[in-house]
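Architecture at a glance
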Amino acid sequence: MSILVTGGAGYIGSHTCVELLNEDYEIVVVDNFSNSKPESLNRVREITGKDFPVYKADILDREALTAVFKENDVEAIIHFAGLKAVGESVSNPLRYYENNITGTLNLCGVMEKFTVNKMVFSSSATVYGLQDGAPFHEDLPLQATNPYGRTKLMIEDILRDIYTANQNWGIALLRYFNPIGAHHSGLIGEDPNGVPNNLLPYISQVAVGKLKKLTVFGNDYPTHDGTGIRDYIHVVDLAKGHLKALEKVLNDKGVEAYNLGTGNGYSVLEMIQTFENVSCQKIPYDIQNRRPGDIAISFADPSKAQRGLNWQAEKDCHDMCLDSWQWQKNNPDGYAATEKQTEVKA
Ligand code: NAD
Ligand code: WQD
């Protein structure tokens, strides 16, 4: 029996593949490599010493997905495949709705056909939208402020409807806060295309000399130093949360949302300071206006995941920045520089 990992070559997917293989799960990866490189999966093999099938396939392609289910004894899906750039979703909403929603509908349709009804889904803290105060707990009213966020909200609703119609399904909706960091081997990590949108990849690229300086978006928020506060979570802790959620859906029926965060918030200036300390590099920055759509403070109430999944984050801000730095220093150009041919099934 195998766990199908859609989007398994991506940032969070590749780290989750490592944890799954370390726990002796058999896995199958489906990825169209629209935002990743096959080299990440070579590195997963290198870290774990284990091999697994990889299909270069698009979840929009129902025939290709059907072939994957025919050729493998799929027991459950961890569904990472999706587009995730908020700004791009505003300028190209159709691409986001089609890729994320139609892709998920296809996947669920094929799952239904093969009577596979266990899924761990990558949702996001973005479904909390603009809240008045943190921490965010799972029962808050949900809202989206951009098309990307709306795809996550809609998919959560679709999965709830699927469960209502057939109560054999077991579904975990994992709402990630701000994943950062990398595997401590320094072999896999976040490899954004072009100039990064997110804080930590941007800081890392300044530290390694690829970018000149960071822009801090606003220092007039109602926080202790005026900069935005987020709940950064180490990607390996996040990956381990997926294994706990997988155990849950394999053993239980139902649909449940869980926050995956640490419950602690750090400001932009605190992140810069910690990164400078661990890397011994200066991070030059400018303060500019707030970025439209940003909220002042976001951090999780992670107690439901602790109770329901027996999971909690273990790594702190220092570990996260150190591992991000280790990855960036070892791989200043991400996977591009060392990309080899990966064996990919058609
Ligand atoms: P990522 O872009 O690194 O990984 C996504 C993977 O899915 C990529 O390998 C990409 O090539 C693949 N993919 C995209 N569309 C596909 C399609 N149609 N068919 C097959 N493969 C496809 O992103 P990530 O940071 O690893 O995020 C994984 C998931 O978690 C996404 O669904 C994202 O929305 C969600 N998420 C991410 C964050 C974050 O900050 N990184 C936060 C909350 C939620
Ligand atoms: C963090 C803080 C910025 C960049 C995004 C998505 C969210 C989720 C996670 C997928 C904020 C500040 C940032 C920079 C800065 N993704 N910042 N200079 O916005 O919390 O969340 O990624 O689901 O949906 O919106 O993360 O890393 O972009 O920003 O000052 O160059 O850093 O203003 O306070 P965000 P981020």
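Provided above is the structure to which this section pertains.
What comes next is a walk through the structure. (Residues numbered from 1 in each chain as written. Chains lettered and ligands numbered in written order. Predicted model: local features only at pLDDT ≥ 70, side-chain atom pairs only at ≥ 80, totals over all residues. Heavy atoms only, no water.)

**Topic: the site of ligand 2**
- Not every one of the 18 residues close to ligand 2 is listed here, only the nearest: Ser-124, Tyr-148, Thr-215, Arg-230 and Asp-294.
- Within the contact set of ligand 2, an oxygen atom lies 3.0 Å away from a side-chain nitrogen or oxygen of Asn-198.
- Between ligand 2 and the protein, one listed contact pairs an oxygen atom with a side-chain N or O atom of Arg-291 at 2.8 Å.
- Here the shell around ligand 2 is built from residues that sort into eight nonpolar, seven polar and three charged. (Near = heavy atom within 4 Å. Polar contact = N/O pair within 3.5 Å; in protein donor to acceptor, adjacent residues only side chain to side chain. Nonpolar A, V, L, I, M, F, W, Y, C, P; charged D, E, K, R; others polar.)

**What to know about the packing of helix α7 (residues 199–207) against helix α9 (residues 268–279)**
- Running from N to C, α7 and α9 cross one another at 40°; their axes reach a closest spacing of 11 Å. Read as a crossing pair, α7 and α9 show a hand that is right-handed. Along its contact with α7, which presents Leu-199, Leu-200, Ile-203, Ser-204 and Ala-207, the element α9 presents Val-268, Met-271, Ile-272 and Phe-275.
- Split by residue class, the contact of α7 with α9 holds eight nonpolar, one polar and no charged. (Axes fitted to C-alpha atoms, helices over the stretch in contact; angles between N-to-C directions. Helix = DSSP H or I, 4+ residues; strand = E, 2+ residues; numbered from the N terminus. Left-handed = near helix turned anticlockwise from the far one by under 90°. Contact = heavy atoms within 4.5 Å.)

**Points about the site of ligand 1**
- The environment of ligand 1 is formed by 26 residues, the closest being Asp-31, Asn-35, Ser-36, Lys-84 and Tyr-148.
- At 3.2 Å from a nitrogen atom of ligand 1 is found a main-chain nitrogen or oxygen belonging to Asn-32.
- Between ligand 1 and Asp-58, the relevant distance is 2.9 Å, taken from a nitrogen atom to a side-chain nitrogen or oxygen of the residue.
- Protein burial of ligand 1: of its 820 Å² of free accessible surface, 95% is covered by the chains.
- Of all the secondary structure elements, the ones that give two or more residues to the shell around ligand 1 are α1 (11–22), β5 (118–124) and α6 (147–165).
- Sort the elements by how many residues they give to the shell around ligand 1 and β5 lands first, with three residues.
- Split into classes, the residues belonging to the shell around ligand 1 amount to 11 nonpolar, 11 polar and four charged. (Areas by Shrake-Rupley, 256 points an atom, 1.4 Å probe, with all protein chains shown as cover.)

**Observations regarding the pattern of salt bridges**
- The tally for this structure, following the rule as stated, stands at 16 salt bridges.
- One salt bridge connects Asp-333 with Lys-210, and the closest N-O pair in it is separated by 3.4 Å. Within this pair, whereas Asp-333 is found in the segment after α11 (317–330), its partner Lys-210 is found in the loop between α7 and β8 (214–217), the two being separated by 123 residues in sequence.
- Owing to a relative accessible area of 42%, Lys-210 belongs among the partly exposed residues under this scheme.
- Lys-213 is paired through a salt bridge with Asp-286; the nearest N and O atoms lie 3.4 Å apart. One end of the pair, Lys-213, is in the loop between α7 and β8; the other, Asp-286, is in strand β13 (residues 285–288), with 73 residues separating them in the sequence.
- Salt bridges linked by common partners bring Glu-156, Asp-157, Arg-160 and Arg-175 together as one network. (Salt bridge = Lys/Arg side-chain N within 4 Å of Asp/Glu carboxyl O. Buried < 20%, exposed > 50% of the residue type's maximum accessible area, 1.4 Å probe, protein only.)

**Describing the pairing of strand β2 (residues 26–31)**
- The element β2 is largely enclosed, with a buried count of five among its six residues.
- Sheet analysis places strand β1 (residues 2–6) next to β2, joined by five bridges and oriented parallel. If you follow Ser-2 over to β2, its bridge partner there is Glu-26.
- Considered for its hand, the β-α-β crossover made up of β1, α1 and β2 is right-handed.
- By the bridge criterion, three bridges tie β2 to strand β3 (residues 54–56) in an arrangement that is parallel. The residue bridging Asp-31 from the neighbouring strand is Lys-56, located in β3.
- Once you follow β2 into helix α2 (residues 39–48) and on to β3, the crossover reads as right-handed. (Pairing = 2+ DSSP bridges. Right-handed = clockwise from strand over helix to strand, strands pointing away.)

**Examining the nonpolar core**
- Among the nonpolar cores identified, the biggest contains 40 residues, and Val-5, Ile-27, Val-29, Leu-41, Phe-52, Leu-174 and Leu-246 are the most heavily contacted of them.
- Among all residues touching Leu-41, those that are not within four sequence positions of it are Gly-8, Ala-9, Val-29, Phe-33, Phe-52 and Val-54.
- In terms of nonpolar packing, the next biggest core, distinct from the first, is built from 30 residues, Val-28, Ile-158, Tyr-163 and Val-255 among them. (Core = buried A, V, L, I, M, F, W, Y, C linked by side-chain atoms within 4.5 Å.)

**So, the packing of aromatic side chains**
- Under the counting rule described, the total for this entry stands at six aromatic pairs.
- Judged by centre distance (5.4 Å) and plane angle (40°), the rings of Phe-69 and Phe-114 are tilted. Here Phe-69 is found in helix α3 (residues 62–71), whereas its partner Phe-114 is found in the loop between α5 (93–113) and β5, with 45 residues between them in sequence.
- Ring geometry for Tyr-128 versus Phe-136: centroids 5.4 Å apart, planes at 50°, classification tilted. Comparing Tyr-128 with Phe-136 shows no difference in burial state: the two are buried.
- Connected via pairs of aromatic rings, a cluster forms that spans Tyr-128, Phe-136 and Phe-177.
- For the cation-ring pair, Arg-290 lies above Tyr-221, with the distance from its terminal atom to the ring centre recorded as 4.1 Å.
- Looking at Lys-304, its charged tip hangs above the ring of Tyr-258, at a distance of 5.1 Å from the centre. (Phe/Tyr/Trp six-rings, centres within 6.5 Å; stacked < 30°, edge-to-face > 60°. Lys NZ or Arg CZ within 6 Å of the ring centre and 35° of its normal.)

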